[in-house]
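Coordinates in review
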Amino acid sequence: MFGKSILFSEMTPGADWVTDFNHWYDTEHIPVRMVLDGFQGAQRYKSVDRDSNLVVYDMDSQGALKTPGYQVVKNQPSEKTRWMLQNVTGFTRYLADEIGNAGKLDQRAEQAPVLFTAMFTVPEEELANFDAWYVEDHIPILLECTDWLAVRRFAVTSAEPGTYNRLAIHYLNSDAALSSPQRERARNTPWRNRMAANDWFKEGYYATFNRLGRRFDGAAK
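Position numbers for residues count from 1 along each chain, tracking the sequence in the order it is written. Only residues with pLDDT of at least 70 are given local features in this predicted model, and only at 80 or more are side-chain atom pairs given and counted; all residues enter the totals for whole chains, interfaces and linings. Calculated side-chain values reflect all of the structure's heavy atoms, with hydrogen atoms and water omitted.

Take the overall build of the protein chain next. Counting its regular elements, the protein chain contains 9 helices and 8 strands. Relative to the globule expectation of 17 Å for 221 residues, the C-alpha radius of gyration of the protein chain, 18 Å, shows essentially globular dimensions. For the protein chain, the spread of C-alpha atoms along the principal axes amounts to about 55 × 35 × 30 Å. For the protein chain, the proportion of its 221 residues judged to be buried stands at 51%. Residues count as neighbours in contact if any of their non-hydrogen atoms are within 4.5 Å of one another. Looking at the protein chain alone, contacts between residues at least 24 apart form 80% of all its contacts between residues at least 6 apart. Within the structure as shown, the protein chain displays about 10,400 Å² of accessible surface, and the carbon and sulfur contribution to it stands at 50%. Counting from the N terminus, the helices are DSSP H or I runs at least four residues long and the strands are E runs at least two residues long. Atoms counted for the radius of gyration: C-alpha only. Globule rule: 2.2 Å times residue count to the power 0.38. Think of it in three bands: residues with accessible area under 20% of the maximum for their type are buried, residues over 50% are exposed, and the middle band is partly exposed, with areas taken using a 1.4 Å probe on protein chains only. Per-residue accessibility takes into account occlusion by the displayed protein chains alone, with areas from the Shrake-Rupley method and a 1.4 Å probe.

Okay, structure coming up:
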């Protein structure tokens, strides 16, 4: 089940303990959160061009991170968790609230084999125009591709590292969608070309991930 807020976090284990890392993530790190109030689900992903591992936690709201139960999990980690978090690299942590979605946020989207993400640091005075472009111009063309299942847009409220304030998560049935005629057209509209002329737009961060393992359901589901 998708939530109205997410915790979007990446980390990279050492090459010689990837198996141990995956076992810990699937049997401890995610499960202890899934029994807490406010957590609706979680899905792991693996970067297609880096060693980074991504997890997206869906929550009722960011209030899920302020409950007594979560504070115990966060502040009293097991020895295994403490070691893992001290030794991973490339750690990122973004908190974000959903501001819109399009397409079908159904089970196919939940189980989407490919995730494409885009982050931007949009100047305050450009936010309204950026959001309008994404909703009115960009997304409708992308969704003409049958492999482009859904898109969720977020306002980032906490970014570690970086200063990103907009995040889009695209749920794809195949990575072929990224080379589709529809995406090519979406990236070449007059409105998009005007946006792309801005330096802040050129500094946007894009990443593609493959789904890793099963989806976890939370106590709220």
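Back to the write-up after that little detour.
Counted residue by residue, strand β1 (residues 5–12) has 8 buried out of 8 residues, so it is predominantly covered. Where burial is concerned, the two faces of β1 agree: the one with Ser5, Leu7, Ser9 and Met11 and the one with Ile6, Phe8, Glu10 and Thr12 are both buried. Across 7 bridges, the pairing between β1 and strand β3 (residues 53–59) is antiparallel. Considered in β3, the bridge of Ser9 is made with Val55. By the convention used here, strands pair only if DSSP detects at least 2 bridges between them. Direction of pairing for β1 relative to strand β4 (residues 89–103): antiparallel, over a ladder of 7 bridges. Bridging from a neighbouring strand, Ser5 pairs with Asp97 of β4.

Side chains of nonpolar character tend, in soluble globular proteins, to be buried together. Take the buried Ala, Val, Leu, Ile, Met, Phe, Trp, Tyr and Cys residues and link them wherever side-chain atoms come within 4.5 Å; each set so joined is a nonpolar core. One finds Phe130, Tyr134, Trp148 and Phe201 to be the most contacted residues of the largest nonpolar core, which totals 25 residues. Elements represented by at least two residues in this core include exactly β5 (114–120), α6 (127–142), β6 (148–160), β7 (166–172), α8 (190–196) and α9 (199–202). No other element matches α6, which puts 7 residues into this core. If sequence neighbours within four positions are ignored, Tyr134 has contacts with Ala118, Ile139, Pro140, Val151, Arg153, Ala168 and His170.

Looking at where Arg152 falls in the secondary structure, it is placed in strand β6. Whenever two N or O atoms come within 3.5 Å, that pair is a polar contact, provided that in protein one can donate a hydrogen and the other can accept it, and provided that, for residues adjacent in sequence, both atoms are side-chain atoms. Looking at Arg152, its side chain comes within polar contact range of the side chain of Asp58, at 2.9 Å.

Strand order in the closed barrel formed by 8 strands is β1-β3-β2-β8-β5-β7-β6-β4, and the pairing between neighbours is antiparallel. Within the sheet, the average angular offset between the axes of one strand and its neighbour, ignoring direction, is 35°. Here an axis means a line fitted to C-alpha atoms, over the contact stretch when the element is a helix, while the angle between two N-to-C directions is reported on a 0 to 180 degree scale. Against the sheet, helix α1 (residues 18–29) engages β1, β2 (39–47), β3 and β8 (205–217), with an angle of about 10° to β3.

Below, the discussion takes up the packing of α1 against helix α4 (residues 79–87). Two elements in contact, α1 and α4, have axes separated by 11 Å at closest approach and are oriented at 130°. Between α1 and α4, the crossing angle belongs to the class labelled oblique. Crossing of α1 over α4 shows left-handed handedness. Each of Asp20, Phe21, Trp24, Glu28 and His29 in α1 lies in contact with α4, whose residues at this interface are Lys80, Thr81, Met84 and Leu85. Any residue that is not Ala, Val, Leu, Ile, Met, Phe, Trp, Tyr, Cys, Pro, Asp, Glu, Lys or Arg is counted as polar, Gly included; the first ten are nonpolar and the last four charged. Split into classes, the residues belonging to the contact of α1 with α4 amount to 4 nonpolar, 2 polar and 3 charged. Reported orientations rely on four angle classes, namely roughly parallel under 35 degrees, roughly antiparallel over 145, roughly perpendicular from 65 to 115, and oblique for the rest. The sense of a crossing depends on the near helix, which, turned anticlockwise from the far helix by less than a right angle, makes the crossing left-handed and, turned clockwise, makes it right-handed.

Let us look at the packing of aromatic side chains. Geometry of aromatic contacts follows a simple scheme: Phe, Tyr and Trp rings, the Trp one being its six-membered ring, pair when their centres are within 6.5 Å, and the pair is stacked under 30 degrees between planes, edge-to-face over 60, tilted otherwise. Enumeration according to the criterion identifies 21 aromatic pairs in this entry. Joined through ring pairs, the aromatic side chains of Phe116, Phe120, Phe130, Trp133, Tyr134, Trp200, Phe201 and Tyr206 make up one cluster. Charge-over-ring placement is defined geometrically: NZ (Lys) or CZ (Arg) within 6 Å of the ring centre, and within 35 degrees of the ring normal. The ring of Phe216 has Arg214 lying over it, and the distance from NZ or CZ to the ring centre is 3.9 Å. For Arg215, the ring lying beneath its charged end belongs to Phe2, and the centroid distance is 5.4 Å.

Salt bridges, as used here, are contacts in which a Lys or Arg side-chain nitrogen is within 4 Å of a carboxyl oxygen on Asp or Glu. In the structure shown here, the tally under the stated rule is 13 salt bridges. When the shortest N-O distance is used, the salt bridge between Asp26 and Arg44 registers 3.1 Å. Taken together, the residues span a long stretch of sequence, with Asp26 in helix α1 and Arg44 in strand β2 at a distance of 18 residues. Among the residues examined, Asp26 registers a relative accessible area of 31% and is labelled partly exposed. Note that Arg82 and Glu79 form a salt bridge whose closest N and O atoms lie 3.9 Å from each other. With Arg82 and Glu79 both in helix α4, this residue pair falls 3 residues apart, about one helical turn.

Note that all results are geometric; they support no functional claim without further evidence.
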